[in-house]
Amino acid sequence: MEHRDDMKSEGVGDTKKKSHEHLQYLLDGHEAILVHIKELNDWWRELDERGLPKYGEMGTRMEGLRDLLSQHFRDEEQEGYFKPVMDESPGFCIMVPDFREKHKEFLTRIDNFSTRLKQSEPPFQNWNEALQELQELLAELRTNENEEIQRVREAFEKSARDQS
């Protein structure tokens, strides 16, 4: 994403185009996270069906999700949420919640879960207990991402209407 001073020299049409590109980039990031979550669930279920718990490998896979989320969260938070849309439609900022605290909480929880999974003696009574914690974490993450996707879509639609 370009620095705000670089955007000043652009015309209004260019700024709106960048707004749409930014929003599409955020939507693509949300979709990639949801796909990664589905892949984690599928992998876990496959291991569960075979009766082959792999705590350490799951911890490593969770770190992959954490890296993806961390980058995505940074992209969302760069210069504030939905900045390009708010620049062209300042009233929209009322609709945009600040997800930073939720982001920090998710990253911390994933770090904690990954660390526990990778311990030589994981602190779970069994694979199902770990699975339950994973499912709760992923369900909350999916809810959060779906909420954010809806906010981005609303911004995209509002911006598209304003452009017409």
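A. Local environment of the overall build of the protein. Broken down by element type, the protein carries six helices and zero strands. For the protein, the computed accessible surface area is about 9200 Å², with 48% contributed by carbon and sulfur atoms.

B. Layout of the packing of aromatic side chains. Per the stated rule, a full pass over the model turns up four aromatic pairs. Note on tyrosine 55 and phenylalanine 124: the rings are 6.1 Å apart at their centroids and 5° apart in plane angle, and the pair reads as stacked. Separated by 69 residues along the polypeptide, tyrosine 55 in helix 3 (residues 55-77) and phenylalanine 124 in the loop between helix 5 (100-118) and helix 6 (127-163) bring together distant segments of the chain. Residue tyrosine 55 shares its accessibility class with phenylalanine 124, and that shared class is buried. Residues phenylalanine 113 and phenylalanine 124 carry aromatic rings whose centres are separated by 5.9 Å and whose planes lie at 75° to one another, so their mutual orientation is edge-to-face. Here the residue phenylalanine 113 occupies a position in helix 5, and phenylalanine 124 occupies one in the loop between helix 5 and helix 6, the gap between them amounting to 11 residues. Overall, phenylalanine 113 belongs to the buried group, its relative accessible area being 0%.

C. Geometry of the packing of helix 3 against helix 5. Two elements in contact, helix 3 and helix 5, have axes whose closest approach is 8 Å; the angle formed by their N-to-C orientations is 165°. When the axis of helix 3 is compared with that of helix 5, the two are roughly antiparallel. Classified by chirality, the crossing of helix 5 by helix 3 is left-handed. Here the residues of the contact of helix 3 with helix 5 are counted per class, giving 11 nonpolar, six polar and seven charged.

D. Summary view of the nonpolar core. Counting 28 residues, the largest nonpolar core has Trp44, Met58, Met62, Leu65, Leu69, Leu117 and Leu134 as the members making the most contacts within it. Listed by contribution, the elements that provide at least two residues to this core are helix 2 (12-50), helix 3, helix 5 and helix 6. For leucine 65, the residues in contact, after removing those within four places along its chain, are His36, Ile37, Leu40, Ile110, Leu138 and Leu141.

E. Representation of helix 5 within the structure. Over its 19 residues, helix 5 runs 27 Å from end to end, which matches the ideal 27 Å to within 8%, given 1.5 Å per residue. Listing the buried residues of helix 5 in full gives His103, Phe106, Leu107, Ile110, Phe113, Ser114, Arg116 and Leu117.

Cut-offs and rules
Residues numbered from 1 in each chain as written. Predicted model: local features only at pLDDT ≥ 70, side-chain atom pairs only at ≥ 80, totals over all residues. Heavy atoms only, no water. Helix = DSSP H or I, 4+ residues; strand = E, 2+ residues; numbered from the N terminus. Areas by Shrake-Rupley, 256 points an atom, 1.4 Å probe, with all protein chains shown as cover. Phe/Tyr/Trp six-rings, centres within 6.5 Å; stacked < 30°, edge-to-face > 60°. Buried < 20%, exposed > 50% of the residue type's maximum accessible area, 1.4 Å probe, protein only. Axes fitted to C-alpha atoms, helices over the stretch in contact; angles between N-to-C directions. Parallel < 35°, antiparallel > 145°, perpendicular 65-115°, else oblique. Left-handed = near helix turned anticlockwise from the far one by under 90°. Nonpolar A, V, L, I, M, F, W, Y, C, P; charged D, E, K, R; others polar. Core = buried A, V, L, I, M, F, W, Y, C linked by side-chain atoms within 4.5 Å. Contact = heavy atoms within 4.5 Å. Expected span 1.5 Å × (residues − 1).

Honestly, it's all geometry; don't read function into it.
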